[in-house]
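# Analysis of the macromolecular model
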Amino acid sequence: MEAGGDPAAPAPGDAEDLEDTRLPSEEAGDGGGVQEDPTDSEDRSLEETGSKTKDQPPSLLSPLPQSESPSCTRELWDPAASENNAMDDSESGSGGQGGDPSDEDWRSKRKHVFVLSEAGKPIYSRYGSVEALSTTMGVMTALVSFVQSAGDTIRAIYAEDHKLVFLQQGPLLLVAVSRTPQSAAQLREELLAVHAQIVSTLTRASVARIFARKQNYDLRRLLAGSERTLDRLLDSVERDPGALLLGAVRCVPLTRPLREALGTLLRRCTAPGLALSVLAVGGQLVTAAQERNVLAECRLDPADLQLLLNWVSAPAFAAGEAWAPVCLPRFNPDGFFYAYVARLDAMPVCLLLLGTDPEAFHDMATCRRLVEDGMHTLGAMRNLGEAASFSNAPSATAPSYSVQAVGAPGLRHFLYKPLDIPDHHRQLPQFTSPELEAPYSREEERQRLSDLYHRLHARLHSSSRPLRLIYHVAEKETLLAWVTSKFELYTCLSPLVTKAGAILVVTKLLRWVKKEEDRLFIRYPPKYSTPPAASSASTDQASHNGLFTGS
Amino acid sequence: MRKPDGKIVLLGDMNVGKTSLLQRYMERRFADTVSTVGGAFYLKQWRSYHISIWDTAGREQFHGLGSMYCRGAAAVILTYDVNHPQSLVELEERFLGLTETASTDCLFAIVGNKVDLSEEGASEGCETEGDSPGPAGGSAPSKGPKQVRLEEAVALYKKILKYKMLDEKDMPAAEQMCFETSAKTGHNVDLLFETLFDMVVPVILRQRAQGPPQTVDISRYKPPERTKSGCCA
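It should be emphasised that the depicted structure is a prediction, and the values quoted were computed from it without experimental measurement. (Residues numbered from 1 in each chain as written. Chains lettered and ligands numbered in written order. Predicted model: local features only at pLDDT ≥ 70, side-chain atom pairs only at ≥ 80, totals over all residues. Heavy atoms only, no water.)

So, about helix 8 (residues 227-239) of chain A. Residue and element names in this part refer to chain A. Taking 1.5 Å of rise per residue, the 13 residues of helix 8 would be expected to cover 18 Å, and the 18 Å separating its terminal C-alpha atoms lies within 8% of that figure. Most of helix 8 is tucked away: 12 of the 13 residues are buried. Among the residues of helix 8, R228, T229, L230, D231, R232, L233, L234, D235, S236, V237, E238 and R239 are the ones counted as buried. (Helix = DSSP H or I, 4+ residues; strand = E, 2+ residues; numbered from the N terminus. Expected span 1.5 Å × (residues − 1). Buried < 20%, exposed > 50% of the residue type's maximum accessible area, 1.4 Å probe, protein only.)

See below:
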């Protein structure tokens, strides 16, 4: 797993998370003491907790189109476009922050995420320029090594309304400084997702090798251009909650025959060394096919798939056919796959072919043509195009549906993750949610809803006192969260709904999901491309798969 | 599959404008691009030939793919930024090594991009004034003098020929193969690609004349006919 042998990594369920038991609003005044010394006060406790929520993948769904305007402008800029631009553009995107820790704007951000090297060298900061932050990062390194010198590992600091979560992953130190209601466990999942994203471009082995060779290496050199992907990942947590929170991927709603036909098509179109083929639209999964020889009995981790989905929706893949190495951190953090990425027919439909042969570009391109032809025969392009434009949102690129489709008045939004999918152990965790409509079209409102969902999630999954059902009357909406053996559900209802009314709405919603489940989810696990080969051949293939250690 | 007849590879440090050059030529537009991940592949028809163009990522971690990009390349476009001398140095230090797998009679072009950002470039980059570079250039930094002179590129070109042990007389003249371009205004971009395409065609023909390429074509493989009768024949 991602934790490796690292002492700071959360061993799932090893301890209880006290934080999770505090539920609603402790949000208050602006916390000044972000970087306080841990030794001088009682009101912070070094957290002794493991992450209870297990296996949450990097949440990488691209935000819904409406919310995209600010991030879009940023994405259009090459982060590495020029050194002097790097700062301007993040300013124009998020309303000005110089990165100087004394800067009010910078301080007022709800959540900061930093990545630094063990030597204290800045690698990434969500806001501001890393150069201006070197002293701040120095303080963080000091905190970590102070606790380390006592033979212990720092995990979190609670300071008034701030939470500081630390995560050490090999030579990298990741820190979240947050005023959001996210629990420390949730923040840790977010940091793990950030780490996975970094590993996916560099591999864990090469990061380790680089720092072993030169401790003060400036990793930004290698990550240049990837910062935007990290930004997008972190933004998606606030704008479009779900994937990271639930540890599941979102599927494009599609009729079952069409989805199965596409699955069959993907399985039929193979190329030498092809391990995984994925069809996606706007960061959502259409269908996937695994090659048995390569990924035999190894379930694709949803975190890895989510990472890929986020990756291919990056603007860098908008044109042409691309060929790039990519690492799946959960599958094998030290090896590369080679990815062929192309948009089919200039549609938002994206085909991703993952193989083990660094020279297989032309084979993959041939394979793509087969898929394209097959899709034309199926008429799938039109269908997927419709799916993509079905939503009311202007300039929609991500397929979605309106909550109106449920036909339950009072229901504003929901997240539904089925737990009763057939052949569950081989199935991808999935979830569904409608698009965010008014009153959640504005950035702040989305953030608020995301906060509420995170709070409920933290409460449901509190390791000390988990709950099954929460009915929460908030200021502007009523929420009901419910986890059973069959599903995990978060609903957001109008504030005027009564308890009885809420139950009625949820019943209606569950009935609707049941009726639509074939369309909303991939009900049957992705099949393998080739029939089970002779066992010797398959183990031989699998043994060297993914073990390329390029840098 | 349509097999490309020839291959051209764009190499250069990150952020010198390789993707922008290609986009300007293929799509006649200039957009703020995002950094390229890995390599991107384009196919261009030139007369009766299909020429594939590989746009590579300048970022270091993708250099592992370099050998695939360059294998059998008929031409390599080495790109630098005229405003960043280091980008020319990098060409020699980091990128030249990647071209080892290119074909032996591979052509080299050296391109200084972003002349629109320096003074001299501003005065001469008026070819495609119709594109009105005005509004897009809102955040253009103040123009300074060009940091890399064309002569330096010419010197590098000659050095490359020496390094590849090619005879200067057999190869196109340095003056012909060193360009200064602006992907933003379109200055010299067409000239660059079209000059190169014209030069690549004879290389393609020569390669064809030399017989089958090193790669094995399994699609045309015919099982050997059985001449001797086996035991069960």
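Another point: helix 5 (residues 184-202) of chain A. Because each turn of an α-helix spans 3.6 residues, side chains separated by three or four positions in sequence point in the same direction. Residue and element names in this part refer to chain A. Here helix 5 is 19 residues long and its end C-alpha atoms lie 27 Å apart, about the 27 Å a rise of 1.5 Å per residue gives. Most of helix 5 sits inside the fold, with 19 of its 19 residues counted as buried. Trailing helix 5 by a residue or two, T203 shows a phi angle of about 70 degrees, which is positive.

All names here are of chain A. Along the chain, T507 falls in helix 16 (residues 499-520). Assessed through its relative accessible area of 34%, T507 is described here as partly exposed. With 283 residues separating them in the primary sequence, T507 and A224 have C-alpha atoms 49 Å apart.

The subject of this paragraph is the domain arrangement of chain A. Split into domains, chain A comes out as domain 1 (104-239), domain 2 (249-396) and domain 3 (403-520). Placing a centre on the C-alpha atoms of domain 2 of chain A and another on those of domain 3 of chain A gives a separation of 28 Å. (Domains from an automatic or database assignment.)

A few words on the sheet that holds strand 1 (residues 111-117) of chain A. Residue and element names in this part refer to chain A. Spatial ordering of the open sheet is given by 2-1-5-4-3, a layout of five strands whose pairing is antiparallel. Bordering the open sheet on either side are strand 2 (122-125) and strand 3 (156-159), each of which pairs with just one other strand. Each adjacent strand pair in this sheet contributes to an overall mean axis angle of 15 degrees, direction not counted. As paired strands, strand 3 and strand 4 (residues 162-169) are joined by four bridges and run antiparallel to one another. (Pairing = 2+ DSSP bridges. Axes fitted to C-alpha atoms, helices over the stretch in contact; angles between N-to-C directions.)

All names here are of chain B. Here chain B shows a mean pLDDT of 78. Residues at 70 or above account for 79%. Across chain B, strand 4 (residues 75-81) holds the top mean pLDDT of 94, while helix 4 (residues 119-124) sits lowest at 50. Confidence drops under pLDDT 50 across residues 121-140; counting only partners more than four residues distant or on other chains, this segment forms 16 contacts. Across the predicted assembly, pTM comes out at 0.76 and ipTM at 0.75. (pLDDT = per-residue confidence, 0-100. Contact = heavy atoms within 4.5 Å.)

Let's shift gears to the pattern of salt bridges. Pairing is possible between side chains that carry opposite charge, provided their charged atoms lie close to one another. Residues and elements named next belong to chain A. The tally for this structure, following the rule as stated, stands at 33 salt bridges over all chains. Salt-bridge contacts for R126 lead to D235; the nearest nitrogen and oxygen are separated by 2.9 Å. Of this pair, R126 sits in the loop between strand 2 and helix 4 (134-149) while D235 sits in helix 8, and the two are 109 residues apart along the sequence. In this structure R126 comes out as buried when scored by relative accessible area, which is 7%. According to the relative accessible area criterion, D235 is buried, its value standing at 8%. Salt-bridge contacts for R519 lead to E516; the nearest nitrogen and oxygen are separated by 2.6 Å. Note that R519 and E516 are positioned in helix 16 at a spacing of three residues, about one turn of the helix. Accessibility expressed as a relative area gives 16% for E516, which makes it buried. Through salt bridges with shared partners, a single network forms among R126, R228, D231, D235, R239 and E443. (Salt bridge = Lys/Arg side-chain N within 4 Å of Asp/Glu carboxyl O.)

Given two aromatic rings, one states the distance between the centres and the angle between the planes to describe the pair. Summed over all chains, the structure comprises 20 aromatic pairs over all chains. Taking the centre distance of 6.0 Å and the plane angle of 35 degrees together, the rings of Y416 of chain A and F521 of chain A count as tilted. Pair noted here: Y416 of chain A is in strand 12 (residues 411-418) and F521 of chain A is in the loop between helix 16 and helix 17 (535-544), with a separation of 105 residues, a long-range link. Centroid distance W482 of chain A to F487 of chain A: 5.3 Å. Interplanar angle 90 degrees. Geometry classified as edge-to-face. For F487 of chain A, a relative accessible area of 8% corresponds to the buried category. Among the aromatic residues, ring-to-ring pairing joins W323, Y338, Y340 and F361 of chain A together with F41, W54 and Y69 of chain B into one connected group. Of note, K109 of chain A hangs over the ring of Y127 of chain A, and the distance from its end group to the ring centre comes to 4.8 Å. (Phe/Tyr/Trp six-rings, centres within 6.5 Å; stacked < 30°, edge-to-face > 60°. Lys NZ or Arg CZ within 6 Å of the ring centre and 35° of its normal.)

Let's shift gears to the interface of chain B and chain A. With 27 residues of chain B at the interface, the matching set in chain A holds 34 residues. Roughly 2600 Å² of surface becomes buried between chain B and chain A when both sides are summed, with 55% attributable to carbon and sulfur atoms. Between chain B and chain A we count one salt bridge in total. The shortest N-O distance in the salt bridge between E359 of chain A and R71 of chain B comes to 2.4 Å. Taken together, chain B and chain A are joined by three residue pairs in polar contact (both at pLDDT 80 or more). Counting only elements with at least two residues in the side of chain B that touches chain A, the list comes to strand 2 (39-46) and helix 2 (66-70) of chain B. If you tally residues by element for the side of chain B that touches chain A, the top one is strand 2 of chain B, at four residues. Of the residues in the side of chain B that touches chain A, the class split is 13 nonpolar, eight polar and six charged. In the sheet, strand 9 (residues 321-326) of chain A pairs with strand 2 of chain B via three bridges, with the strands oriented antiparallel. Note that in strand 2 of chain B the partner of A322 of chain A across the bridge is A40 of chain B. (Buried area = accessible area lost by both parts, 1.4 Å probe. Polar contact = N/O pair within 3.5 Å; in protein donor to acceptor, adjacent residues only side chain to side chain. Nonpolar A, V, L, I, M, F, W, Y, C, P; charged D, E, K, R; others polar.)

Residue and element names in this part refer to chain A. Per-residue confidence for chain A averages 76 on the pLDDT scale, and 72% of its residues sit at or above 70. Here helix 17 is the element of chain A with the lowest mean pLDDT, 34, and strand 15 (residues 478-483) is the one with the highest, 96. Note that residues 1-97 has pLDDT below 50 and, in this model, 249 contacts with residues that lie over four places away or in other chains. The model gives residues 390-396 a pLDDT under 50, and that stretch makes 16 contacts with residues more than four places away or in other chains.

The next subject is the pairing of strand 12 of chain A. Residues and elements named next belong to chain A. Counting buried positions along strand 12 gives seven out of eight residues, so the element sits mostly inside the fold. With seven bridges connecting them, strand 12 and strand 16 (residues 487-493) associate as antiparallel partners. If you follow P418 over to strand 16, its bridge partner there is F487.

Residue and element names in this part refer to chain A. Two elements in contact, helix 10 (residues 256-268) and helix 13 (residues 361-378), have axes whose closest approach is 10 Å; the angle formed by their N-to-C orientations is 155 degrees. One way to sum up the angle between helix 10 and helix 13 is to call them roughly antiparallel. The element helix 10 and its partner helix 13 pack so that their crossing is right-handed. Contacts between helix 10 and helix 13 involve A261, L262, L265 and L266 from the first element and L370, V371, G374, M375 and L378 from the second. Per-class residue counts for the contact of helix 10 with helix 13 are eight nonpolar, one polar and no charged. (Parallel < 35°, antiparallel > 145°, perpendicular 65-115°, else oblique. Left-handed = near helix turned anticlockwise from the far one by under 90°.)

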